[in-house]
Amino acid sequence: MRILGFSKKWGKLGLSEFTTFRLPRKDADWFEEEVVQIVYKPRSKEREKLGIAKIIDKESRIISSITSLEAIADGFSEGRVEMWRWLLETHKGITLETPIDKLTLRWVK
């Protein structure tokens, strides 16, 4: 089972279903029906297993197509511009035209 890591305990993680945006993986991208372990700070001594979730939907997008409503649901209270800034600062070398996956997950346990 692969790990889907989060660096912040976003409020959305308390919902039964939630979305997250991820850059496509070069080795083996995420796929629908995949069961993953949700982990807070996966590469830290503060690592915390939050539970098991299933990817129930995967939608390929480009970063500039993320709407303000999606960004707010993802945890960015100021909307898409705040999210875009965070993505561009966190992932060097990407642009607003970079492909991104919108994953919808449902907690299993």
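Treat the numbers as computed from the prediction; the structure is a model and nothing was measured. (Residues numbered from 1 in each chain as written. Predicted model: local features only at pLDDT ≥ 70, side-chain atom pairs only at ≥ 80, totals over all residues. Heavy atoms only, no water.)

Observations concerning the overall build of the protein
Our working rule: Strands are runs of DSSP state E lasting at least two residues, helices are runs of H or I lasting at least four, and both sets are numbered from the N terminus onward. Our radius of gyration is a C-alpha quantity, and the globule rule it is checked against amounts to 2.2 Å times the number of residues to the power 0.38. We call a residue buried when its accessible area falls under 20% of the maximum for its residue type, exposed when it is over 50%, and partly exposed in between, using a 1.4 Å probe and counting protein chains only. Here the positive residues are Lys and Arg and the negative ones are Asp and Glu; neither His nor the chain ends is included. Positions of charges follow a simple convention, taking NZ of Lys, CZ of Arg, CG of Asp or CD of Glu.
Looking only at helices and strands, the protein has two helices and five strands in total. Put simply, the protein runs from its N terminus to its C terminus through helices and strands in the order β-β-β-β-α-α-β. Taking 13 Å as the expected radius of gyration for a compact globule of 109 residues, we find that the protein reaches 13 Å, a close match to that expectation. By principal-axis analysis of the C-alpha atoms, the protein measures approximately 35 × 25 × 25 Å. For the protein, the residues scored as buried account for 37% of the 109 residues in total. Computing the positive centroid from 21 side-chain charges and the negative centroid from 17, the protein places the two 6 Å apart.

Some points on the environment of Ser60
Let me state the cut-off plainly: The criterion used for residue contact is that any of the two residues' heavy atoms lie within 4.5 Å.
Within the secondary structure, Ser60 sits in strand 4 (residues 48-62). Ser60 gets classed as exposed once you look at its relative accessible area, which sits at 59%. Each C-alpha atom of the pair Ser60 and Ser44 lies 29 Å from the other, and the pair is 16 residues apart in sequence. Not counting chain neighbours up to four residues away, the residues in contact with Ser60 comprise Ile100 and Asp101.

Re the pairing of strand 5 (residues 99-107)
Condition: For two strands to be treated as a pair, DSSP must find no fewer than two bridges joining them.
With six bridges connecting them, strand 2 (residues 17-22) and strand 5 associate as antiparallel partners. Along strand 5, the bridge assignment pairs Phe18 with Leu105. Two elements, strand 4 and strand 5, share nine bridges in a ladder whose sense is antiparallel. When the sheet's bridge partners are listed, Lys58 is paired in strand 5 with Leu103.

Brief notes about the packing of aromatic side chains
Note the following rule: The aromatic pairing rule takes the rings of Phe, Tyr and Trp, using the six-membered ring of Trp, and pairs them if the centres are within 6.5 Å, calling planes under 30 degrees apart stacked, those over 60 edge-to-face and the rest tilted. Two thresholds decide whether a charge sits over a ring: the Lys NZ or Arg CZ must be within 6 Å of the ring centre and within 35 degrees of the ring normal.
Taken as a whole and judged by the stated rule, the model has four aromatic pairs. The interplanar angle of 65° and the centroid separation of 6.3 Å between the aromatic rings of Phe6 and Phe18 together place this pair among those described as edge-to-face. With Phe6 in strand 1 (residues 2-6) and Phe18 in strand 2, this residue pair connects regions lying 12 residues apart in the sequence. Take Phe18: its relative accessible area is 3%, and that puts it in the buried class. An angle of 45° between the planes, with centres 5.2 Å apart, marks the rings of Trp10 and Phe76 as tilted. Residue Trp10 is found in the loop between strand 1 and strand 2, and its partner Phe76 is found in the loop between helix 1 (68-73) and helix 2 (80-90); the two are separated by 66 residues along the sequence. The pair formed by Trp10 and Phe76 is uniform in burial state, with each residue classed as buried. One aromatic cluster in this structure is built from Phe6, Phe18 and Trp107. Stacked on the ring of Trp30, the Lys or Arg Arg2 has its end atom at 4.3 Å from the ring centre. If you follow Arg25 out to its NZ or CZ, it ends over the ring of Trp30, 5.1 Å from the centre.

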